[in-house]
Amino acid sequence: MSILGARRPASGEGAGDEDALYEPTRPLKRRSWKFRLAMGAVKVVLVVVALFLAVVALLYAFTPSAAQATRVAEAQAAEHHIAYPGAPVPEYFAEALVATEDHRFYADPGLDPFALVRAAASWVTGHTDGGGSTIDQQLAKNLYTSGHSSFPQIIEQVTLAVKLNRAYSRAEILRLYAEIAYYGHGYYGLQAASCGYFGRTPAHLTVVQAAMLAGVVNAPTYDYPLVYPAQARARLVHVIDRMAAVGYLTKAQQDAALNARLGLSAVRGCR
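These figures come from a predicted structure and were not determined experimentally. (Residues numbered from 1 in each chain as written. Predicted model: local features only at pLDDT ≥ 70, side-chain atom pairs only at ≥ 80, totals over all residues. Heavy atoms only, no water.)

Quick look at the nonpolar core now. Among soluble globular proteins, nonpolar side chains are generally buried collectively. With 49 residues, the main nonpolar core has F93, Y183, Y197 and L213 as its most contacted residues. Elements represented by at least two residues in this core include exactly α3 (69-79), α4 (91-101), α6 (135-144), α7 (151-167), α8 (170-180), α9 (190-198), α10 (207-216) and α11 (229-245). Counting residues per element, this core draws most heavily on α10, which supplies 8 residues. Residue contacts for Y183: discarding those within four places in its chain leaves F93, A178, G189, L190, A193, Y197, L213, V216, V217 and P220. L111, I155, V158 and V162 belong to the second largest nonpolar core, which has 5 residues in total. (Core = buried A, V, L, I, M, F, W, Y, C linked by side-chain atoms within 4.5 Å. Buried < 20%, exposed > 50% of the residue type's maximum accessible area, 1.4 Å probe, protein only. Helix = DSSP H or I, 4+ residues; strand = E, 2+ residues; numbered from the N terminus. Contact = heavy atoms within 4.5 Å.)

Written as C-alpha coordinates, this is what we have:
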(Lines give C-alpha, C1' and ligand atoms only; values in the text may rest on other atoms or scores of the structure.)
Protein backbone atom coordinates (compact mmCIF):
# COMPACT_ATOMS: atom_id res chain seq x y z
CA MET A 1 0.00 0.00 0.00
CA SER A 2 2.90 2.32 0.57
CA ILE A 3 3.57 2.19 -3.14
CA LEU A 4 0.21 3.78 -3.90
CA GLY A 5 1.05 6.80 -1.76
CA ALA A 6 4.62 7.16 -2.89
CA ARG A 7 5.43 10.46 -4.55
CA ARG A 8 6.96 10.70 -7.97
CA PRO A 9 10.69 11.16 -7.58
CA ALA A 10 11.96 14.58 -8.42
CA SER A 11 14.05 15.25 -11.46
CA GLY A 12 17.35 13.60 -11.00
CA GLU A 13 16.11 11.63 -7.95
CA GLY A 14 15.78 8.04 -9.15
CA ALA A 15 14.60 9.27 -12.54
CA GLY A 16 16.74 6.77 -14.32
CA ASP A 17 14.99 3.92 -12.54
CA GLU A 18 11.55 5.23 -13.53
CA ASP A 19 12.58 5.64 -17.15
CA ALA A 20 13.57 2.01 -17.14
CA LEU A 21 10.07 1.06 -16.02
CA TYR A 22 8.26 3.21 -18.63
CA GLU A 23 9.63 2.13 -22.00
CA PRO A 24 7.99 3.77 -25.02
CA THR A 25 5.38 1.63 -26.80
CA ARG A 26 6.62 0.22 -30.07
CA PRO A 27 4.39 0.91 -33.07
CA LEU A 28 2.54 -2.15 -34.40
CA LYS A 29 3.77 -3.47 -37.69
CA ARG A 30 1.46 -2.63 -40.54
CA ARG A 31 -0.07 -5.62 -42.25
CA SER A 32 1.24 -6.24 -45.74
CA TRP A 33 -0.86 -5.29 -48.75
CA LYS A 34 -0.94 -8.95 -49.78
CA PHE A 35 -2.56 -9.90 -46.49
CA ARG A 36 -5.15 -7.12 -46.78
CA LEU A 37 -5.87 -8.12 -50.37
CA ALA A 38 -6.33 -11.75 -49.37
CA MET A 39 -8.66 -10.82 -46.52
CA GLY A 40 -10.66 -8.61 -48.87
CA ALA A 41 -11.01 -11.46 -51.36
CA VAL A 42 -12.13 -13.82 -48.60
CA LYS A 43 -14.79 -11.34 -47.48
CA VAL A 44 -16.05 -10.93 -51.03
CA VAL A 45 -16.27 -14.69 -51.49
CA LEU A 46 -18.13 -15.09 -48.19
CA VAL A 47 -20.59 -12.38 -49.18
CA VAL A 48 -21.18 -14.00 -52.57
CA VAL A 49 -21.71 -17.42 -50.99
CA ALA A 50 -24.07 -15.95 -48.36
CA LEU A 51 -26.13 -14.20 -51.03
CA PHE A 52 -26.15 -17.35 -53.13
CA LEU A 53 -27.44 -19.45 -50.24
CA ALA A 54 -30.02 -16.80 -49.39
CA VAL A 55 -31.37 -16.95 -52.94
CA VAL A 56 -31.42 -20.75 -52.76
CA ALA A 57 -33.40 -20.60 -49.53
CA LEU A 58 -35.87 -18.18 -51.13
CA LEU A 59 -36.30 -20.39 -54.17
CA TYR A 60 -36.83 -23.48 -52.04
CA ALA A 61 -40.50 -22.65 -51.74
CA PHE A 62 -40.99 -21.94 -55.45
CA THR A 63 -39.23 -24.87 -57.15
CA PRO A 64 -41.00 -28.15 -58.02
CA SER A 65 -41.50 -30.80 -55.38
CA ALA A 66 -38.93 -33.59 -55.23
CA ALA A 67 -41.83 -36.04 -55.21
CA GLN A 68 -42.18 -35.37 -58.95
CA ALA A 69 -38.73 -36.86 -59.67
CA THR A 70 -39.91 -40.41 -60.26
CA ARG A 71 -42.76 -39.26 -62.51
CA VAL A 72 -40.37 -37.09 -64.55
CA ALA A 73 -37.88 -39.97 -64.80
CA GLU A 74 -40.66 -42.32 -65.94
CA ALA A 75 -41.76 -39.82 -68.60
CA GLN A 76 -38.19 -39.48 -69.88
CA ALA A 77 -37.81 -43.27 -69.96
CA ALA A 78 -40.97 -43.56 -72.06
CA GLU A 79 -39.67 -40.85 -74.39
CA HIS A 80 -36.45 -42.82 -74.92
CA HIS A 81 -38.30 -46.17 -75.22
CA ILE A 82 -36.61 -47.79 -72.24
CA ALA A 83 -38.04 -49.72 -69.30
CA TYR A 84 -38.80 -47.96 -66.05
CA PRO A 85 -37.70 -48.61 -63.42
CA GLY A 86 -34.46 -49.95 -64.78
CA ALA A 87 -32.12 -52.52 -63.33
CA PRO A 88 -30.69 -52.01 -59.84
CA VAL A 89 -27.38 -50.14 -59.79
CA PRO A 90 -24.51 -52.62 -59.41
CA GLU A 91 -21.84 -51.99 -56.80
CA TYR A 92 -18.98 -51.40 -59.25
CA PHE A 93 -20.94 -48.77 -61.17
CA ALA A 94 -22.02 -46.97 -57.98
CA GLU A 95 -18.45 -46.91 -56.69
CA ALA A 96 -17.05 -45.68 -59.99
CA LEU A 97 -19.67 -42.93 -60.28
CA VAL A 98 -19.25 -41.71 -56.70
CA ALA A 99 -15.44 -41.81 -56.84
CA THR A 100 -15.38 -39.78 -60.03
CA GLU A 101 -18.32 -37.40 -59.78
CA ASP A 102 -18.95 -36.81 -56.07
CA HIS A 103 -16.70 -38.53 -53.53
CA ARG A 104 -18.62 -36.89 -50.63
CA PHE A 105 -21.91 -38.27 -51.98
CA TYR A 106 -22.74 -40.27 -48.85
CA ALA A 107 -22.10 -37.34 -46.52
CA ASP A 108 -23.05 -34.14 -48.33
CA PRO A 109 -26.57 -32.61 -48.09
CA GLY A 110 -27.13 -32.64 -51.84
CA LEU A 111 -24.55 -29.95 -52.46
CA ASP A 112 -20.87 -29.67 -51.63
CA PRO A 113 -20.22 -26.51 -49.56
CA PHE A 114 -16.46 -26.72 -50.19
CA ALA A 115 -16.96 -26.97 -53.93
CA LEU A 116 -19.46 -24.11 -53.88
CA VAL A 117 -16.94 -21.87 -52.13
CA ARG A 118 -14.28 -22.87 -54.67
CA ALA A 119 -16.64 -22.21 -57.57
CA ALA A 120 -17.65 -18.82 -56.09
CA ALA A 121 -14.01 -17.85 -55.65
CA SER A 122 -13.31 -18.80 -59.26
CA TRP A 123 -16.27 -16.73 -60.42
CA VAL A 124 -15.15 -13.68 -58.41
CA THR A 125 -11.61 -13.91 -59.77
CA GLY A 126 -12.78 -14.41 -63.34
CA HIS A 127 -11.63 -18.01 -63.65
CA THR A 128 -13.71 -21.01 -64.63
CA ASP A 129 -14.20 -24.00 -62.38
CA GLY A 130 -16.10 -27.01 -63.63
CA GLY A 131 -16.20 -28.61 -60.20
CA GLY A 132 -18.81 -28.28 -57.54
CA SER A 133 -21.65 -30.26 -59.14
CA THR A 134 -22.79 -33.13 -56.92
CA ILE A 135 -24.62 -36.19 -58.21
CA ASP A 136 -27.83 -34.72 -56.76
CA GLN A 137 -27.25 -31.52 -58.72
CA GLN A 138 -26.55 -33.45 -61.91
CA LEU A 139 -29.76 -35.41 -61.37
CA ALA A 140 -31.70 -32.17 -60.87
CA LYS A 141 -30.10 -30.79 -64.04
CA ASN A 142 -31.20 -33.79 -66.11
CA LEU A 143 -34.66 -34.05 -64.58
CA TYR A 144 -35.78 -30.44 -64.29
CA THR A 145 -33.66 -28.13 -66.47
CA SER A 146 -33.26 -30.25 -69.62
CA GLY A 147 -29.52 -30.56 -69.14
CA HIS A 148 -28.93 -26.80 -69.37
CA SER A 149 -26.90 -24.77 -66.87
CA SER A 150 -27.36 -21.03 -67.13
CA PHE A 151 -26.77 -19.13 -63.90
CA PRO A 152 -30.49 -19.09 -62.88
CA GLN A 153 -30.73 -22.78 -63.73
CA ILE A 154 -27.67 -23.58 -61.62
CA ILE A 155 -29.35 -21.91 -58.64
CA GLU A 156 -32.49 -23.93 -59.34
CA GLN A 157 -30.43 -27.12 -59.57
CA VAL A 158 -28.79 -26.47 -56.21
CA THR A 159 -32.20 -25.92 -54.60
CA LEU A 160 -33.66 -29.05 -56.16
CA ALA A 161 -30.57 -31.06 -55.21
CA VAL A 162 -31.22 -30.32 -51.54
CA LYS A 163 -34.85 -31.34 -51.97
CA LEU A 164 -33.89 -34.58 -53.71
CA ASN A 165 -31.38 -35.33 -50.97
CA ARG A 166 -34.08 -34.97 -48.32
CA ALA A 167 -36.71 -36.97 -50.22
CA TYR A 168 -34.74 -40.00 -51.42
CA SER A 169 -32.14 -42.40 -50.08
CA ARG A 170 -28.66 -42.48 -51.54
CA ALA A 171 -29.44 -45.75 -53.34
CA GLU A 172 -32.59 -44.21 -54.86
CA ILE A 173 -30.67 -41.15 -56.05
CA LEU A 174 -28.08 -43.36 -57.75
CA ARG A 175 -30.79 -45.43 -59.41
CA LEU A 176 -32.64 -42.37 -60.69
CA TYR A 177 -29.36 -40.96 -62.01
CA ALA A 178 -28.39 -44.22 -63.72
CA GLU A 179 -31.82 -44.59 -65.31
CA ILE A 180 -31.96 -41.19 -67.02
CA ALA A 181 -28.28 -40.58 -67.85
CA TYR A 182 -27.11 -40.56 -71.46
CA TYR A 183 -24.19 -42.88 -72.22
CA GLY A 184 -23.57 -42.08 -75.88
CA HIS A 185 -24.41 -44.06 -79.03
CA GLY A 186 -28.12 -43.45 -78.46
CA TYR A 187 -28.14 -45.27 -75.13
CA TYR A 188 -30.27 -43.79 -72.37
CA GLY A 189 -30.32 -45.59 -69.05
CA LEU A 190 -27.82 -48.01 -67.55
CA GLN A 191 -29.65 -51.11 -68.75
CA ALA A 192 -29.61 -50.02 -72.40
CA ALA A 193 -25.97 -48.86 -72.21
CA SER A 194 -24.76 -52.05 -70.54
CA CYS A 195 -26.56 -54.28 -73.04
CA GLY A 196 -25.60 -52.06 -75.97
CA TYR A 197 -21.89 -51.69 -75.28
CA PHE A 198 -21.17 -55.06 -73.68
CA GLY A 199 -24.09 -57.38 -74.45
CA ARG A 200 -24.68 -58.06 -70.77
CA THR A 201 -26.94 -56.79 -68.02
CA PRO A 202 -25.62 -54.28 -65.44
CA ALA A 203 -25.41 -56.99 -62.76
CA HIS A 204 -22.73 -58.80 -64.81
CA LEU A 205 -20.49 -55.80 -65.58
CA THR A 206 -16.82 -56.14 -64.76
CA VAL A 207 -14.96 -53.42 -62.88
CA VAL A 208 -13.49 -51.96 -66.06
CA GLN A 209 -16.85 -52.04 -67.88
CA ALA A 210 -18.66 -50.35 -64.99
CA ALA A 211 -15.90 -47.74 -64.81
CA MET A 212 -16.24 -46.98 -68.52
CA LEU A 213 -20.00 -46.43 -68.23
CA ALA A 214 -19.59 -44.26 -65.13
CA GLY A 215 -16.95 -42.22 -66.90
CA VAL A 216 -18.71 -41.71 -70.22
CA VAL A 217 -21.75 -39.92 -68.71
CA ASN A 218 -19.54 -36.90 -68.00
CA ALA A 219 -19.01 -36.24 -71.73
CA PRO A 220 -20.77 -38.95 -73.77
CA THR A 221 -19.80 -37.40 -77.11
CA TYR A 222 -16.14 -36.63 -76.36
CA ASP A 223 -15.49 -39.88 -74.40
CA TYR A 224 -17.42 -42.07 -76.85
CA PRO A 225 -15.35 -45.29 -76.97
CA LEU A 226 -16.46 -46.39 -80.45
CA VAL A 227 -15.35 -43.13 -82.10
CA TYR A 228 -12.75 -41.63 -79.76
CA PRO A 229 -10.99 -44.63 -78.16
CA ALA A 230 -7.99 -42.59 -76.95
CA GLN A 231 -10.14 -40.08 -75.07
CA ALA A 232 -12.33 -42.89 -73.74
CA ARG A 233 -9.27 -44.77 -72.52
CA ALA A 234 -7.90 -41.68 -70.75
CA ARG A 235 -11.24 -41.17 -69.04
CA LEU A 236 -11.38 -44.84 -68.05
CA VAL A 237 -7.92 -44.67 -66.49
CA HIS A 238 -8.97 -41.57 -64.55
CA VAL A 239 -12.08 -43.32 -63.17
CA ILE A 240 -10.14 -46.40 -62.06
CA ASP A 241 -7.44 -44.25 -60.47
CA ARG A 242 -10.15 -42.34 -58.57
CA MET A 243 -11.70 -45.61 -57.37
CA ALA A 244 -8.33 -46.59 -55.95
CA ALA A 245 -7.72 -43.13 -54.48
CA VAL A 246 -10.92 -43.18 -52.41
CA GLY A 247 -10.42 -46.78 -51.28
CA TYR A 248 -12.83 -48.74 -53.47
CA LEU A 249 -10.00 -50.66 -55.15
CA THR A 250 -6.77 -52.04 -53.78
CA LYS A 251 -3.55 -51.49 -55.70
CA ALA A 252 -3.75 -55.02 -57.04
CA GLN A 253 -7.37 -54.52 -58.16
CA GLN A 254 -6.43 -51.21 -59.74
CA ASP A 255 -3.63 -52.79 -61.75
CA ALA A 256 -5.87 -55.68 -62.78
CA ALA A 257 -8.62 -53.32 -63.96
CA LEU A 258 -6.18 -51.21 -65.96
CA ASN A 259 -4.91 -54.32 -67.75
CA ALA A 260 -8.30 -55.97 -68.26
CA ARG A 261 -10.01 -56.16 -71.64
CA LEU A 262 -12.95 -53.79 -72.03
CA GLY A 263 -14.86 -56.32 -74.10
CA LEU A 264 -17.02 -54.07 -76.27
CA SER A 265 -19.69 -56.15 -77.97
CA ALA A 266 -20.32 -56.14 -81.71
CA VAL A 267 -23.95 -57.11 -81.07
CA ARG A 268 -26.29 -54.51 -79.59
CA GLY A 269 -28.54 -55.71 -76.82
CA CYS A 270 -28.50 -58.44 -74.19
CA ARG A 271 -28.85 -62.00 -75.34
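Here we come to the state of the cysteines. Disulfide: a covalent bond formed between the sulfur atoms of two cysteine residues. Applying the stated criterion across every chain, the model contains 1 disulfide. Sulfur-sulfur distance for the disulfide between C195 and C270 comes to 1.8 Å. As the torsion about the S-S bond is roughly -85°, the C195-C270 disulfide counts as left-handed. Of the two residues, C195 is situated in helix α9 and C270 in the segment after α12 (251-259); the sequence distance between them amounts to 75 residues. (Disulfide = S-S within 2.5 Å.)

Time to look at the confidence of the model for the chain. Per-residue confidence for the chain gives a mean pLDDT of 82, with 79% of residues at or over 70. Per-element mean pLDDT across the chain ranges from 51 in helix α1 (residues 15-21) up to 97 in α12. (pLDDT = per-residue confidence, 0-100.)

Below, the discussion takes up α11. In an α-helix there are 3.6 residues to a turn, and that puts residues three or four apart on one side. Taking 1.5 Å of rise per residue, 17 residues should cover 24 Å, and α11 covers 24 Å from first to last C-alpha, within 8% of that figure. Looking at the buried positions of α11, the neighbouring elements they touch are α4, α10 and α12. Just past α11, the residue G247 takes up positive phi, approximately 100°. (Expected span 1.5 Å × (residues − 1).)

This part takes up the packing of α10 against α11. Running from N to C, α10 and α11 cross one another at 110°; their axes reach a closest spacing of 9 Å. Put simply, α10 runs roughly perpendicular to α11. Of the residues in α11, those touching α10 at V207, V208, A211, M212 and G215 are R235, L236, V239, I240 and M243. The residue inventory of the contact of α10 with α11, partitioned by class, reads 8 nonpolar, 1 polar and 1 charged. (Axes fitted to C-alpha atoms, helices over the stretch in contact; angles between N-to-C directions. Parallel < 35°, antiparallel > 145°, perpendicular 65-115°, else oblique. Nonpolar A, V, L, I, M, F, W, Y, C, P; charged D, E, K, R; others polar.)

Burial runs high along α6: 8 of the 10 residues are buried. One or two positions beyond α6, positive phi appears at S146, with a value near 55°.

When you line up the elements, K163 lands in helix α7. Although K163 lies buried, it forms no salt bridge, and the closest oppositely charged side chain, E156, sits 8.8 Å away as judged by the N-O distance. Leaving out residues up to four positions away in the same chain, K163 has contacts with Y60, T63, P64 and A66. (Lys, Arg positive; Asp, Glu negative; His and termini not counted. Salt bridge = Lys/Arg side-chain N within 4 Å of Asp/Glu carboxyl O.)

Okay, empty space enclosed by the protein next. Gaps left between atoms are located by rolling a probe of water-molecule size over the structure's atoms. Within this structure, the stated rule accounts for 1 cavity of 30 Å³ or more. For the largest cavity, the full set of lining residues is A211, M212, G215, V216, D223, A232, R235 and L236. Residues of the lining of the largest cavity, tallied by class, amount to 5 nonpolar, 1 polar and 2 charged. (1 Å grid on protein atoms, 1.4 Å probe; cavity = no way out; pocket = protein on both sides within 12 Å on 5 of 7 lines; lining within 4 Å. Points joined across faces, edges and corners; volume = space filled by probe spheres on them.)

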